[in-house]
Each structure stands twice: as C-alpha cells, then as structure tokens.
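# Chain and residue survey
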Number of protein chains: 2
Amino acid sequence: MDMIINRLSHYADIGATQFQTLSSLSHRIETRQAGEDIVIEGEVVDYVFIIESGWAIRYRLLDDGRRQIMNFMLPGDCFDLMSLTKSASDHNVSAASEVVLRRIKATDFFNAIRGDSCLSLAFWWVAIQEEAILREQIVRNGRLSAKERLGNLILELNRRLSISTGRQDNSVAIPVTQNHLADALGLSSVHISRSMGKLSREGYIAVESWGIQILNRDALAEMAEFDDRYLQTPKLSF
Amino acid sequence: MDMIINRLSHYADIGATQFQTLSSLSHRIETRQAGEDIVIEGEVVDYVFIIESGWAIRYRLLDDGRRQIMNFMLPGDCFDLMSLTKSASDHNVSAASEVVLRRIKATDFFNAIRGDSCLSLAFWWVAIQEEAILREQIVRNGRLSAKERLGNLILELNRRLSISTGRQDNSVAIPVTQNHLADALGLSSVHISRSMGKLSREGYIAVESWGIQILNRDALAEMAEFDDRYLQTPKLSF
DNA sequence: CGGCCCATTGAGCCAGTTCAAAAAGGGTGG
DNA sequence: CCACCCTTTTTGAACTGGCTCAATGGGCCG
C-alpha cells in the first residue's frame, strides 16, 4: 500500500482522505510463487491488481515457445486499469518472483475513483505513464545494441523503483533471472550474461548476487541513450 | 470524418447525435507534406488530432541519428487522447506521407465527450486499442524474424485500415517508403527489400507499385504469428 | 532528357545466436 | 555441517541473420 501511495503522490496531492478511500476498498491479498499465472490470455478480468511486493511480467508466448515480455510490473504498479471494459486479455501476466498482490473488484475500484477527482487524476497519470513505458520499450528493443538495452533497462527499473519506494538510491535489487531480462530485451540469456559482464568490466555497474549497483549513472545514461523524462510526470490539478 | 466514425461504430452504438456532436466541434483542417512535423518532442500539446487521410508516424530519434518508429497512425486514428494532462510530449509525430488532419482544442474535445456516455465509451476503446497496438509492436520486434515481422505488420495495417474504411479487402496501399517500414520494424531498409522479395517469391503477397496485395492471408497469418484478436473490440455498453 | 529519390542486388562482415559444458549458488534432508 | 540436486550463470566455439557499403536499376517530375 505504501508503494502505490508514494507513486500517486508524485502525480497529485494525495492526502489522508484519499489514503482512506483506497485502503478501505474491499480487497483480497494473495501470494503467487515465481512462475505462477495471475492473468491468462483470453480470460476476462474484472479485477484491478496492485502489486505489493515482488515483480510480475506481462508477456506473450508464440507457437514455438518463444516468449516476449512486454514489461515488468513492480511494487506499486497496478493493472489492469483497462479492465472496466470486461474484454478478454490478449496476453498473460505471471509472477516473475514471489509476488504479493492486492486484488480489488473493478467496479468497486472505479466507483471509488470516480468520486474523487484527485484520485482520478493520479490514476490517469498512471495510465499515461504505463503507455510511455511501453513506447520506451519499443525504442529500446528496436534500435539499441545489447549493451545499450541492458543499461537502459537497468536505469528504467532503478528510476521506477525509486519513485515507489520514495528513496533515491543507486542500486536495483533484481528478483528475476537473466532469462527474464533476455525475454524482455529480445536477446538470448547467454548474451545477457555477456553484456552484464561487459557493463561491469567497463565500470558502469557492479554485479552482486542480489542485483546491481549503479557506479556511474551519468556515463551509463549517456551510453545507453537513457533520458528519464518519460517517467517524470509533473504534478498538476484539474 | 467517415473514417473515425466507422472506427467508433465498432466500439459503441454511434448514431446521428454522436456524429452531430463530433462534427460540430470547432476545428481546423490542416495539411502536412511528407516529412513535416506535427508534434515535436518537448512540446506541450493541447490539441487532439484526427487523421483524415495519409499516414503519420510517432517516433524517437537517438543521438546518433538512429530512428525508431513506435507506430503508424492511419486515417481515422486520433492522438493525443492523453493531451488533457498538458504534459510535454516525449516523442515526435510527423507526416510519413502527405497527411490531412483535423485539429481540435483538447478542452473542447473532452467537454464534448464527457457529456455523451456513448462517445466516452467509444474513445475509451480507442485508447485501449492504441495500447494493444503498442504491445503488439513489442512482441513483433522482440521475437520475430525479419520475414515474420514484415508479414505481421502488413496484416496489422490491412486489418486496421479495413476497420476504418468499413471495407474488407486484401490489399494495403502503402504511402510510405521502405525506410519507414525499416525504422518501425527495427531493421535496415535493405533487409526490408529482401524480405519483401522473399514474401512475394513464396506466394504470400504480391508487391505492386502502390502497395501490397495479400494473396494467402491464412498462410501469411500463420507464418507471421499474427492473431488479430488484439484489434477486435467487442461492442458493449456501460 | 536529366536529376533525384527509392528500391534492388551483391559481397563481405559482425553482433548476437545456438549448442554444449563447466562453474557457482542455494535449498533440503540426513 | 555435509552431500546432493536443481537452477542459474558463465564461458567457449562455431554459426548465421541481418547489417553495411557500394553499385545498379526504375519511376517520376521538371
């Protein structure tokens, strides 16, 4: 709950009232082990999920088993805001690490939001940012080299995590395998390992067992063509 | 105007009232030559644009000149529905062929929509579909081979065009260069030419000067892993 | 007819892949 | 605390899809 509140506070003036509205929504807390499904392709979803901890992935499987991860969903992210329309999902969502979710009936959620223009605005921003993240993924995978892609993704994850924890720091604890990174970046896991080594040898990052330490953010950002403007969302009011 | 109405009719029961509401919105019709900008990165946009004819592209340029096209915008498409938030655009939009646009003040547009639940629903669907198209682009460019990517894109364009013209047919008139296709698919233009030749030699398509004729849709769809469910949006009401 | 833009073709190259094997963790049960 | 197993990461070697560079060909317009 903290995570999502931190995020929303970036977009609008969230106060005790809004906190109250959100936390009083009837919900269920559920845990999924790494690899377990959350939403299956074709399923009609009428829930909104908020990730409390762990990382989830949104992905598609091709006929021959190839997998493309569209994006990572981190603590404080919510989906599917589009579920109001009760349409069949065209992709899967599953837990990439152990994940704890808050599950809220879509109708309840939207009724609560509708009544509070401040919350509406904040979730409107959430949707805009989600789309910006998708666009960024297209650019990353379309025109960057392996080293650039990985560096760029590391910076995005760091930035997003720091928004929802509210703490700026230079590390990214990565609870998923290199295979996940590979399927997100359109590369092979072997090449992720090699690129990780290269970024490390060149002094951009330090690779630890729990994740990554960013050693030289500016140099990394420049090399990886990372510009975090797409994650910055000025606070405005209606 | 026909195009957008055709599209919206797929999502909700658009009638004379809605047509009236949309067409009475004060607007300007503008023409852009191929290559001219429509929205520049960093600019704050407070207009909603509807494409009347021609194709536009949404893209990003990297420091060294590499370009990634995020998606093509076809007649009947509208952008930026997100402009209500008055934030700086994180990408460019420009005309890929000669384009005729209808430009509407964002506030007017949203006020008109707000008052009509049927139109609200229809534009809500437009936004959902836009996001689905972005996700599809990620899968295409992330995990498909050149031949598959091109085939897949051809089918998407055909499908989208047939929704807005209201006429199902097996051709795609392509008003943009192979360079545009290359920058959309994350390939080189040379390789687009080769892949086009291959698709043609293998009997999937016929390449004409004005565009492409789809000769064997089913085989092409299977080969290119194309499943048009993401473009289908059941008609529902609130 | 000449110029320009775009598409096509050929040849060589390279980033990233595949396959395979070894090394490093990280539980779990005895 | 050790022994074992299973998953993940790392490394090596050979291969290949798509790239680059460069030349040729076609269409269209003035």
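Residues numbered from 1 in each chain as written. Chains lettered and ligands numbered in written order. Predicted model: local features only at pLDDT ≥ 70, side-chain atom pairs only at ≥ 80, totals over all residues. Heavy atoms only, no water.

## Quick look at the sheet that holds strand 4 (residues 56-61) of chain B
Residues and elements named next belong to chain B. Across the sheet, which stays open at both edges, the four strands sit in the order 2-7-4-5 with antiparallel pairing between neighbours. Strand pairing shows two members of the sheet lacking a second neighbour, strand 2 (37-39) and strand 5 (67-73), which therefore form its edges. Averaged over all adjacent pairs, the angle separating strand axes in this sheet is 35°, with direction ignored. Bridge count between strand 4 and strand 5: six bridges; the pairing is antiparallel. (Pairing = 2+ DSSP bridges. Helix = DSSP H or I, 4+ residues; strand = E, 2+ residues; numbered from the N terminus. Axes fitted to C-alpha atoms, helices over the stretch in contact; angles between N-to-C directions.)

## Focus: empty space enclosed by the protein
Residue and element names in this part refer to chain A. Taken as a whole and assessed by the stated rule, the structure comprises nine cavities of 30 Å³ or more. Here the largest cavity defines a volume of roughly 160 Å³. Every residue lining the largest cavity is counted, 18 residues in all, and those nearest its centre are Arg 7, Asp 77, Gln 129, Ile 133 and Arg 160. Contributions of two or more residues to the lining of the largest cavity are made by strand 5 (67-73), strand 6 (78-79), helix 4 (117-143) and helix 5 (146-165). (1 Å grid on protein atoms, 1.4 Å probe; cavity = no way out; pocket = protein on both sides within 12 Å on 5 of 7 lines; lining within 4 Å. Points joined across faces, edges and corners; volume = space filled by probe spheres on them.)

## So, the relation of the copies chain B and chain A
In the superposition of chain B on chain A (RMSD 0.0 Å, axial shift 0.0 Å), the rotation amounts to 180°. Classification of the inter-copy transformation places it as that of a two-fold axis. Measuring from the rotation axis to each C-alpha of chain B, the shortest distance belongs to Ile 138 of chain B, at 2.8 Å. A shared interface surface links the copies, since 100% of the contact residues of chain B are contact residues in chain A too. (Least-squares fit on C-alpha atoms with pLDDT ≥ 70 in both. Contact = heavy atoms within 4.5 Å.)

## Brief notes about the side chain of Asn 158 of chain A
Within the secondary structure layout, Asn 158 of chain A lies in helix 5. For Asn 158 of chain A, the contacting residues outside a window of four places in its chain are Asp 169, Asn 170, Ser 171, Val 172, Ile 214 and Arg 217 of chain A.

## A closer look at the protein's contact with DNA strand D
Surveying the vicinity of DNA strand D reveals 13 residues, the closest of which are Gln 178 and Ser 193 of chain A together with Ala 146, Ser 188 and His 191 of chain B. Among the atoms of DNA strand D close to the protein, meaning within 4 Å, 60% are from sugar or phosphate groups. A distance of 3.0 Å is found between a base nitrogen of DNA strand D and a side-chain nitrogen or oxygen belonging to Arg 194 of chain A. Ala 146 of chain B is positioned with one of its backbone polar atoms (N or O) 3.0 Å from a phosphate oxygen of DNA strand D. Broken down by secondary-structure element, the contributors of at least two residues to the surface near DNA strand D are helix 7 (189-201) of chain A together with helix 7 (189-201) of chain B. Across the surface near DNA strand D, the residue classes tally to four nonpolar, seven polar and two charged. (Near = heavy atom within 4 Å. Polar contact = N/O pair within 3.5 Å; in protein donor to acceptor, adjacent residues only side chain to side chain. Nonpolar A, V, L, I, M, F, W, Y, C, P; charged D, E, K, R; others polar.)

## Some details on the interface of chain B and chain A
Each side of the interface is counted separately: chain B has 46 residues, and chain A has 46 residues. Contact between chain B and chain A buries roughly 4300 Å² in total, counting both sides, with carbon and sulfur atoms accounting for 60%. Seen at the junction of chain B and chain A, the total is 12 salt bridges. The shortest N-O distance in the salt bridge between Asp 90 of chain B and Arg 135 of chain A comes to 3.5 Å. Linking chain B with chain A are 22 residue pairs in polar contact (both at pLDDT 80 or more), by the criterion used here. Where the side of chain B that touches chain A is concerned, the elements lending two or more residues are strand 4, strand 5, helix 4 (117-143) and helix 6 (178-185) of chain B. The biggest single contributor to the side of chain B that touches chain A is helix 4 of chain B, with 15 residues. Its residues placed into classes, the side of chain B that touches chain A shows 20 nonpolar, eight polar and 18 charged. (Buried area = accessible area lost by both parts, 1.4 Å probe. Salt bridge = Lys/Arg side-chain N within 4 Å of Asp/Glu carboxyl O.)

## Let's talk about the layout of surface pockets
The computed volume of the largest pocket comes to approximately 1200 Å³. What lines the largest pocket is a set of 25 residues, among which Ser 120 and Trp 124 of chain A together with Arg 114, Ser 120 and Trp 124 of chain B lie closest to the centre. Taken together, the elements giving at least two residues each to the lining of the largest pocket come down to helix 3 (106-114) and helix 4 of chain A together with helix 3 (106-114) and helix 4 of chain B. Among the elements that make up the lining of the largest pocket, the one with the highest residue count is helix 4 of chain B (five residues). The residue makeup of the lining of the largest pocket, split by class, is 21 nonpolar, two polar and two charged.

## Overview of the sheet that holds strand 4 (residues 56-61) of chain A
All names here are of chain A. A sheet is described by the order of its strands in space; here four strands give the open sequence 2-7-4-5, paired in antiparallel fashion. Of all strands in the sheet, those bounded by a partner on one side alone are strand 2 (37-39) and strand 5. In this sheet, adjacent strand axes meet at a mean angle of 35° when their direction is disregarded. As defined by bridge partners, strand 4 adjoins strand 7 (residues 92-95) across four bridges and the pair is classed as antiparallel. Paired with Arg 58 across the bridge in strand 7 is Val 93. Packed on one face of the sheet, helix 4 meets strand 4 and strand 5 and runs near 135° to strand 5.

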